[in-house]
Amino acid sequence: MIEYVKLILEKVSFEKELFEKELKKGLKQLSLKEIKELRKWCYERFGSVYRGILNRTFRKVQISISV
């Protein structure tokens, strides 16, 4: 499933709002291990462009996991 989420993010990376929407949607479908892997990949691939979105989105995921 993680490879599918990566593929979608690559395809929508041209548009900020769509990227954020698909990232959030994709995270709901992944296990904790896959989320950690996706997080690393996202920061490597999109960190220079979408760092704010990544920080905000992964912070929310981390909070919901720890609660």
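Residues numbered from 1 in each chain as written. Predicted model: local features only at pLDDT ≥ 70, side-chain atom pairs only at ≥ 80, totals over all residues. Heavy atoms only, no water.

### Notes on the environment of L9
Let me state the cut-off plainly: Helix numbers and strand numbers start at the N terminus; a helix is a DSSP run of H or I with at least 4 residues, a strand a run of E with at least 2. The buried label applies to any residue whose accessible area, calculated with a 1.4 Å probe on protein chains only, is under 20% of its type's maximum; exposed applies above 50%, and partly exposed to all values in between. Residues are treated as being in contact if the distance between any of their heavy atoms lies within 4.5 Å.
Here L9 is to be found in helix α1 (residues 2-12). On the basis of relative accessible area, L9 is assigned to the buried category, the value being 0%. Taking the C-alpha atoms as reference points, L9 and V61, separated by 52 residues in sequence, lie 17 Å from one another. Setting aside chain neighbours within four positions, we find L9 in contact with F19, E22, L23, L38, W41, C42 and F46.

### Considering the packing of aromatic side chains
We apply this condition: Any Phe, Tyr or Trp ring, taking Trp's six-membered ring, that has another such ring centre within 6.5 Å forms a pair; planes under 30 degrees apart are called stacked, those over 60 apart edge-to-face, and the others tilted.
For the structure on display, the rule yields four aromatic pairs. With a centroid separation of 4.5 Å and 25 degrees between ring planes, the pair formed by F19 and Y50 is classed as stacked. In this pair, F19 is assigned in helix α2 (residues 16-27) and Y50 in helix α3 (residues 32-66), connecting sequence segments 31 residues apart. Considered together, F19 and Y50 belong to a single accessibility category, that of buried residues. Chaining the aromatic ring pairs together yields one cluster made of F19, W41, F46 and Y50.

No statement about biological role is implied by the geometric values presented.
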